2 protein chains.
Amino acid sequence: MDKKEDAPRGLKHRKESFSEWFTEVVERAELADLRYNVKGFLVHRPWSVIAMKGMYRLYEAELERRGHRPVWFPAVIPRENFEIESEHVKGFTPEVFWVTHAGDEELAEKLALRPTSETAMYKMYSLWIRSWRDLPLKLYQSCQVWRHETKSTRPFIRGREFYWIEAHDVFATREEAEAQAREDMQTTENVMHKEFGIPYMAFERPEWDKFAGAVRTYAADTLMPDGRAVQQPSTHLLGQNFAKPFGIRFRDKDEEEKIPWQTCYGPAIWRMVASIVAVHGDDKGLVFPYKIAPVQAVIVPIFKKENEEEVVGKALRIVKELRDSGIRAQADLSDSTPGWKFNEWELKGVPIRLEIGMREVGNGEVTLARRDTNEKKRIKDKDIIESVKNEGDAMTKHLIEKADKWFRSSIREARHVHELDVKEGGFVKVDFCSIDRAGLACAENIKEKYHLHVRGRRADAEEKPAGNCIVCGKKAGVVVYLARQY
Amino acid sequence: MDKKEDAPRGLKHRKESFSEWFTEVVERAELADLRYNVKGFLVHRPWSVIAMKGMYRLYEAELERRGHRPVWFPAVIPRENFEIESEHVKGFTPEVFWVTHAGDEELAEKLALRPTSETAMYKMYSLWIRSWRDLPLKLYQSCQVWRHETKSTRPFIRGREFYWIEAHDVFATREEAEAQAREDMQTTENVMHKEFGIPYMAFERPEWDKFAGAVRTYAADTLMPDGRAVQQPSTHLLGQNFAKPFGIRFRDKDEEEKIPWQTCYGPAIWRMVASIVAVHGDDKGLVFPYKIAPVQAVIVPIFKKENEEEVVGKALRIVKELRDSGIRAQADLSDSTPGWKFNEWELKGVPIRLEIGMREVGNGEVTLARRDTNEKKRIKDKDIIESVKNEGDAMTKHLIEKADKWFRSSIREARHVHELDVKEGGFVKVDFCSIDRAGLACAENIKEKYHLHVRGRRADAEEKPAGNCIVCGKKAGVVVYLARQY
């Protein structure tokens, strides 16, 4: 445990060995510990928790700005609630963790650990909604959900416990519910894209890939560096599918009793961490967008014993100044070498590094290094705060542009099935027969032959097919995107 | 659902029928809905959630200022962890909810829903702590815990799911651990008392009332208006009781392998809501301290049809101005009468009400009413923001003084057991034989005869007994406080 070596052991190459790189970064940057002794459950360390708390704050602020209010519902749902809507129960039952005992006693009714909260919330909604005056009702909760995933779990991508937000809204009319689905997609754009820098396309999912109980599902898909698609927030038009069995009714302005229309929206903060790690990271490790970085600026003093006091003194003054102006700053005063510290804070993704040596003390300046470009600048002491903020914002902008460019370059078109038979990842845009039930056979066909999934048709762009279905050759009804998936 | 009556139906009297008053306020101020169909589980509505989010922020900031960092551990704990420390397992097993199945399958090992996280965290601590350089380790998590309480549950006081923070710290020496316990009590003072205005005394609990597995337990006790004591944050000196069985070791500066010393601290935000409701409330309902009020200032426009535009226009301008300066403000534009609105927002505990009628429009002013004193003032438009902030702070200060005064007046002394045989609530200060095992028989005696519990000896004041134990008559070893309890 003495003086550490000059450089942390090199990481795997991000593009060539993405899966190993990803796990290594999660562990070595101390985002999470994977050794907890229940399979599929992560221990989240401060480095990810501080980031996620910031991400939650940004997301919650946007939801509240759009009229949502926070609630906290119980983590357990009685079986009777869970079984009210039949499609939903079919979809979720295989994955539900059941609480059956308390102490030594068996419970009279077993309780589901919520895999999602429709069936907890909508029973209360039927008590809360009486009149058109109670609508729209727009509530969200930030919470964990638990699903006994049988597919292989991966940290922050698929697990048995994950952290998300779920918003559940109720409207007097179908049109308002449809407008809400569009608003939810705008929320995804404003936060996930513009703040976190995660590129995506929004899709309407095929009939066979909807949320259990929904009329329609819209989902934002992003990509991992290995070219596989990952689903980010989805928003569901529930129609009256839940309102009917849960008995949600309202007296409208015309005095008629009516059934309202519902939507739900599920941004998974936890999985967005995975995309931030994967999309912005590089061979040196993590790269955090400025606004959500657990530490935004790290100060590394470089000194010999004889000038320690001056250099460390300046470092501490600057940390205080930065903190006083609301910047999350930290000075690394450990006894590692400067080189080791550079590598360590790069691995951890800190956006801005400020180096202070005797030259900087003498000139009344600091050397500022940016994590994304490695560019160094000399900054006068009086300009430090402004420069850190400006470089931080510029870095986020640059990360978004770079990610968008890469994402757009990962979309190609195909006209014939043999063009699907390649190792290349990313999205493949094709003409397809239908995303209704009728298209399922063709979807199964390419899934089996090429491991490609029909992600759906664009929900954020109007695209008309020109030719025939790439699989069955019948006249195409829709343009869809295919991808390997997590 | 048309025009509501002029006043909400009167509440029960707070002091005379505290229990009914409390439940009524919880439901009618829409803090929580008690109708969820699992016993002991609450549905938390926006009015409590917004307050609790603010309370969490204040508490977390104080913990972080003192060097704690946030973590998120799994909600489930495998049985094998749970059974490592024998006192702990004895204390908690009767209350544990067990997850035994996933889908239709029985789990190979059953999982406890965390009733508290020692046994989840300390197993990881044994992996994280290697050297004196890793200490102190100070981590906290904000989370829910689940306990199958068999005593009768009450909203925000005792339930089967509650929201708290748990901080778990590890030190190289016993002295540092003891200093941490004192620091935790200072955190309680700084946040619970100075921010939330909850009065308390800090006690060292008797041997028979310690946390399961602890060497010593210190706890802050407050009172309800019915004179019964409620435990607020407790901090526990765990000594090496957990470190030993969990295998937590560190190599010290002298190269020796040693066993570290631990503490844990558990402020329950959820239960602090109960104290805020109970202590600051009055016969009109809730009274929120300014800083944590979900809405800090409500604007009630008072107008006739012909001057609606002017009055409502001014109300909206002021709401915007207040919000722009960071105040949580809202205008009540519903079609209820002003009188109804006054009552409603008083019931909900909003600290400041601004009334705007034609007179106020004409004079370039507003009428400001304070929830705690009912005092009204006329404020010039240009002074509104400053006045709202000042009155808000003054109100919090006043609430704290009032609560402290009442709390101090609820402490009396007794010299003879017959003085215990009264209905009067509050604390009774008595000379007592011992809070070690030897005192248990005397404690059981007064519990049985007078329903009074020994809360412990003051941890925040030095008090020496002058006489003999109030029960057995032997020479007293300690001054203790007795109280009926929740």
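Calculation rules
- Residues numbered from 1 in each chain as written.
- Chains lettered and ligands numbered in written order.
- Predicted model: local features only at pLDDT ≥ 70, side-chain atom pairs only at ≥ 80, totals over all residues.
- Heavy atoms only, no water.
- Helix = DSSP H or I, 4+ residues; strand = E, 2+ residues; numbered from the N terminus.
- Rg over C-alpha atoms; globule rule 2.2 N^0.38 Å.
- Buried < 20%, exposed > 50% of the residue type's maximum accessible area, 1.4 Å probe, protein only.
- Contact = heavy atoms within 4.5 Å.
- Areas by Shrake-Rupley, 256 points an atom, 1.4 Å probe, with all protein chains shown as cover.
- Phe/Tyr/Trp six-rings, centres within 6.5 Å; stacked < 30°, edge-to-face > 60°.
- Lys NZ or Arg CZ within 6 Å of the ring centre and 35° of its normal.
- Least-squares fit on C-alpha atoms with pLDDT ≥ 70 in both.
- Buried area = accessible area lost by both parts, 1.4 Å probe.
- Salt bridge = Lys/Arg side-chain N within 4 Å of Asp/Glu carboxyl O.
- Polar contact = N/O pair within 3.5 Å; in protein donor to acceptor, adjacent residues only side chain to side chain.
- Nonpolar A, V, L, I, M, F, W, Y, C, P; charged D, E, K, R; others polar.
- Pairing = 2+ DSSP bridges.
- Core = buried A, V, L, I, M, F, W, Y, C linked by side-chain atoms within 4.5 Å.
- Axes fitted to C-alpha atoms, helices over the stretch in contact; angles between N-to-C directions.
- Domains from an automatic or database assignment.
- Parallel < 35°, antiparallel > 145°, perpendicular 65-115°, else oblique.
- Left-handed = near helix turned anticlockwise from the far one by under 90°.

Further remarks concern the overall build of chain A. Secondary structure assignment for chain A yields 13 helices and 23 strands. A compact globule built from 486 residues should have a C-alpha radius of gyration of about 23 Å, and chain A, at 25 Å, falls within 12% of that. On the principal axes, the C-alpha backbone points of chain A span a range of 80 × 55 × 50 Å. Here chain A holds 486 residues, and 59% of them are scored as buried. Taking all contacts inside chain A whose residues are at least 6 apart in sequence as the whole, residues at least 24 apart take part in 69%. Put simply, chain A shows about 20000 Å² of open surface, and 47% of that area lies on carbon and sulfur atoms.

Under the criterion given, the structure shown has 47 aromatic pairs over all chains. Ring centres of W72 of chain A and Y56 of chain B lie 6.2 Å apart, and the angle between their planes is 65 degrees; on these two criteria the pair is classed as edge-to-face. Placement of W72 of chain A in the loop between β3 (69-70) and β4 (76-78) and of Y56 of chain B in helix α2 (residues 46-65) is noted, with the two residues assigned to different chains. The pair W72 of chain A / Y56 of chain B is uniform in exposure class, with both members buried. Measuring from centroid to centroid gives 6.2 Å for F242 of chain B and F246 of chain B, while their planes differ by 25 degrees, and the two rings are stacked. Three or more aromatic residues joined by ring pairs form one cluster here, namely F73, Y122, Y125, W128, F242 and F246 of chain A. K110 of chain A extends its terminal NZ or CZ atom over the ring of W98 of chain A, reaching a point 4.5 Å from the ring centre.

The transform that puts chain B on chain A rotates by 180 degrees and translates by 0.0 Å along the axis, for an RMSD of 0.0 Å. Here the transformation between the copies is reduced to the relation of a two-fold axis. In terms of C-alpha distance to the rotation axis, chain B has V99 of chain B as its closest residue, with the C-alpha 2.1 Å off the axis. An overlap of 100% is found between the interface residues of chain B and their copies at the interface of chain A, pointing to a shared contact surface.

Taken together, the contact pairs 62 residues of chain B with 62 residues of chain A. With both sides pooled, the region where chain B packs onto chain A buries about 5300 Å², and carbon together with sulfur makes up 62% of that total. In this structure, the connection of chain B to chain A is made through six salt bridges. Here K53 of chain A makes a salt bridge to E64 of chain B, at a shortest N to O gap of 3.6 Å. For the pair chain B and chain A, the interface holds 25 residue pairs in polar contact (both at pLDDT 80 or more). Ranked by residue count, the leading element in the side of chain B that touches chain A is α2 of chain B, at nine residues. In the side of chain B that touches chain A, the residues fall into 38 nonpolar, ten polar and 14 charged. For strand β5 (residues 97-102) of chain A and strand β5 (residues 97-102) of chain B, the ladder comprises five bridges, and the chain directions are antiparallel. In the sheet register, H101 of chain A faces β5 of chain B, and the bridge partner there is W98 of chain B.

Another aspect to go through is the pattern of salt bridges. Applying the stated rule across the entire model yields 90 salt bridges over all chains. Look at the salt bridges and you will find they share partners, linking K284, E346, R353, E355 and K376 of chain A into a network.

Another aspect to go through is the nonpolar core. Ranked by internal contacts, the top residues of the largest apolar core, which has 86 residues, are Y125 of chain A together with Y125 of chain B. Beyond its immediate chain neighbours, meaning those up to four positions away, Y125 of chain B contacts L137, L139, H168, V170, I248 and Q262 of chain B.

Residues and elements named next belong to chain A. Looking at where D372 falls in the secondary structure, it is placed in the loop between β18 (365-370) and β19 (376-380). Note on D372: relative accessible area 12%, which makes it buried. Within the structure, D372 has its side chain in polar contact with the side chain of R370 (distance 2.8 Å). In this structure the side chain of D372 is engaged in a polar contact, spanning 2.7 Å, whose partner is the side chain of H398. Those residues in contact with D372 that sit more than four places away from it in its chain are M395, H398 and L399.

Right, let's get into the sheet that holds strand β19 (residues 376-380) of chain B. Strands belonging to one sheet form pairs held by backbone hydrogen bonds; the direction of such a pair is parallel or antiparallel. All names here are of chain B. Ordered in space as β16-β15-β17-β18-β19, the five strands form an open sheet in which the pairing is mixed. Each edge of the open sheet carries a strand with a single partner, namely β16 (329-331) and β19. The sheet shows a mean angle of 25 degrees between the axes of neighbouring strands, direction not considered. Alignment of strand β15 (residues 297-301) against β16, held across three bridges, turns out to be parallel. Counterpart to V298 in the pairing with β16 is Q330. Across the sheet, helix α10 (residues 338-347) touches β15, β16 and β17 (352-356), and the angle it forms with β15 is around 170 degrees. Along the sheet, helix α12 (residues 384-408) contacts β15, β17, β18 (365-370) and β19; its crossing angle with β18, the most-contacted strand, is approximately 10 degrees.

It is worth spelling out the domain arrangement of chain A at this point. Per the domain assignment, the segments making up chain A are domain 1 (18-280), domain 2 (295-394) and domain 3 (411-483). Relative to domain 3 of chain A, the C-alpha centre of domain 2 of chain A lies at a distance of 50 Å.

Here we take up α10 of chain B. Residue and element names in this part refer to chain B. Burial analysis of α10 places seven of its ten residues in the buried class, which makes it a mostly covered element. Every buried residue belonging to α10 is among W340, K341, F342, E344, W345, E346 and L347, and all of these are buried. Of the surrounding elements, those touching the buried residues of α10 are α1 (18-28), α2, β15, β16 and β17. Remark: G349 follows α10 within two positions and exhibits a positive phi of approximately 80 degrees.

As a further point, take the pairing of strand β22 (residues 453-458) of chain B. Residues and elements named next belong to chain B. Note: strand β9 (residues 201-204) against β22, two bridges, orientation antiparallel. Following the sheet pairing, F203 is matched in β22 by R458. Relative to strand β23 (residues 478-483), β22 is paired through three bridges, and the arrangement is antiparallel. Each residue of the ladder has a partner; that of V454, found in β23, is L482.

Residue and element names in this part refer to chain B. Note that E355 resides in strand β17. Linking E355 and E321, residues 34 residues apart in sequence, is a C-alpha distance of 15 Å. Setting aside anything within four residues of it in sequence, one finds E355 in contact with V300, I302, F342, E360, V366, T367, A369 and K376. A distance of 2.9 Å separates polar atoms of two side chains, one belonging to E355 and the other to R353. A polar contact of 2.9 Å, which involves the side chain of E355, links it to the side chain of K376.

A few words on the sheet that holds strand β20 (residues 411-413) of chain A. All names here are of chain A. Read from one edge to the other, the open sheet built from eleven strands follows the order β3-β7-β8-β14-β11-β10-β9-β22-β23-β21-β20, with strand pairing classed as mixed. Both edges of this open sheet fall to β3 and β20, since each of them pairs with a single strand only. In this sheet, strand β21 (residues 427-432) lies alongside β20 in parallel orientation, the contact comprising three bridges. Each bridged residue has a counterpart across the sheet, and for E413 the counterpart in β21 is K429.

To continue, consider the packing of α2 of chain B against helix α8 (residues 269-280) of chain B. All names here are of chain B. Orientation of α2 relative to α8, taken along the N-to-C sense of each, is 115 degrees, at an axis distance of 10 Å. On the basis of the axis angle, α2 is roughly perpendicular to α8. When the axes of α2 and α8 are compared, the crossing they make is right-handed. Here α2 contributes M52, M55, Y56 and Y59 to the contact with α8, which in turn contributes I269, W270, M272, V273 and I276. Split into classes, the residues belonging to the contact of α2 with α8 amount to nine nonpolar, no polar and no charged.

All right, on to unusual backbone geometry then. In this structure, P136 of chain A follows L135 of chain A across a cis peptide bond, with omega equal to -5 degrees. Mapped onto the secondary structure, P136 of chain A falls in the loop between α5 (118-128) and β7 (137-146). In this structure, F156 of chain B takes a positive phi of about 70 degrees despite not being glycine. Within the element layout of this structure, F156 of chain B appears in the loop between β7 (137-146) and β8 (161-171).

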